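Structure assessment
Residue strings, one per chain:
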Amino acid sequence: MQPLPSDATIVILTGAGISKESGLDTFRCEGGIWSKVRLEDVATPEGFAADPDLVHDFYNARRRGLSDPTIAPNPAHHALAELERHWPGRVLIVTQNIDDLHERAGSRNLIHMHGELLKIRCVHCGLPRHWSDDLGTAEMCPDCKRSGTLRPHIVWFGEIPLEMERIMAALSDCALFVSIGTSGNVYPAAGFVAQVRRLGLAHTVELNLEPSQGATLFAEHRNGPASQTVPAFVA
Ligand code: BV8
């Protein structure tokens, strides 16, 4: 990675592609998640209201999948954790992913803008809490003791992503913006590179298996599997 000013900050956006070589499905690649289930049915508030059991089953299956011992961080996750150790306090990962592979690789300065598979929250008291078991519609909230009020701590389509103010602030003064393993289909994440370009402060890089929807907006592109392109880029 080319040298940066000593006070420069780096924002790294990741998507499902960074976890693909760890054994987790992407959404829009061939055979991806949205080819097996309609996002309207399982990733919208309307879908949850219509059939909460279907949505719980969808996320329970993914939560069980994530606990499979063969699912582990790959060299791309480890390279980003190493980068953070090398530039303490100056690397922020904004992930669209709901898995915990960045954390398991050692990354700490991390925002899960679309929520976390291993957390649930109560629609009444709203407190997210760690949850690794199957979630059912009859579960009782451990805090407010109401039943049937728990939902996955996930941002569905039509819901506002988490920590947007913190993300916007980080984008507005970063010197390097790197997008890894995302198709550039989902907003507002897909619009981050345009936001950074408007400010004209940062070098923009896309590390993706193939050019994304927003590829032309990036100053630099490296196409290939993340387990190869990310370690090579941060070296
Ligand atoms: C919102 C749930 C308002 C969790 C997800 C314009 C502006 C704002 C909003 C919109 C807009 N236009 C439309 C919208 C609405 C909507 C939207 O974007 N719709 C799309 C379909 C057009 N957005 C929303 O509703 C968002 N909310 O806008 O609120 C607002 C906004 C800002 C401020 C105030 C108010 C909420 C979006 C979140 C929805 N939840 N998931 C879950 O179940 O996982 S989105 C879902 O897509 C996942 O979270 C996923 O992370 C995300 C993005 O997908 P990718 O990660 O990119 O995965 P994909 O499969 O698409 O691509 C994988 C890529 O990896 C590919 O390019 C592939 O080539 C590459 N790859 C594969 N293998 C590898 C690899 N790369 C490297 N190495 C490999 N080995």
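Cut-offs used in this document
Residues numbered from 1 in each chain as written. Predicted model: local features only at pLDDT ≥ 70, side-chain atom pairs only at ≥ 80, totals over all residues. Heavy atoms only, no water. UniProt positions renumbered as here; feature names shortened; annotations may be inferred. Phe/Tyr/Trp six-rings, centres within 6.5 Å; stacked < 30°, edge-to-face > 60°. Helix = DSSP H or I, 4+ residues; strand = E, 2+ residues; numbered from the N terminus. Buried < 20%, exposed > 50% of the residue type's maximum accessible area, 1.4 Å probe, protein only. Lys NZ or Arg CZ within 6 Å of the ring centre and 35° of its normal.

The protein has the name NAD-dependent protein deacylase in an unreviewed UniProt entry, where Magnetospirillum sulfuroxidans is given as its organism. Recorded in UniProt for the protein, the comment headed Function (unreviewed entry) runs: "NAD-dependent lysine deacetylase and desuccinylase that specifically removes acetyl and succinyl groups on target proteins. Modulates the activities of several proteins which are inactive in their acylated form." Annotation of the protein in UniProt includes, under Sequence similarities (unreviewed entry), the sentence "Belongs to the sirtuin family. Class III subfamily."

**Concerning the packing of aromatic side chains**
All chains considered together, the criterion is met by seven aromatic pairs. Where Trp34 meets Phe58, the ring centres are 6.2 Å apart and the plane angle is 25 degrees; that geometry is what we call stacked. With Trp34 in the loop between helix H1 (17-20) and helix H2 (39-42) and Phe58 in helix H4 (residues 52-66), this residue pair connects regions lying 24 residues apart in the sequence. Note on accessibility: Trp34 and Phe58 belong to one class, buried. For the pair Phe177 and Phe218, a centre-to-centre distance of 6.3 Å together with 15 degrees between the ring planes defines the contact as stacked. Taken together, the residues span a long stretch of sequence, with Phe177 in strand E7 (residues 176-180) and Phe218 in the loop between strand E8 (203-208) and strand E9 (220-223) at a distance of 41 residues. Seen from the ring of Trp156, Arg151 lies directly overhead, with NZ or CZ sitting 3.9 Å from the centre.

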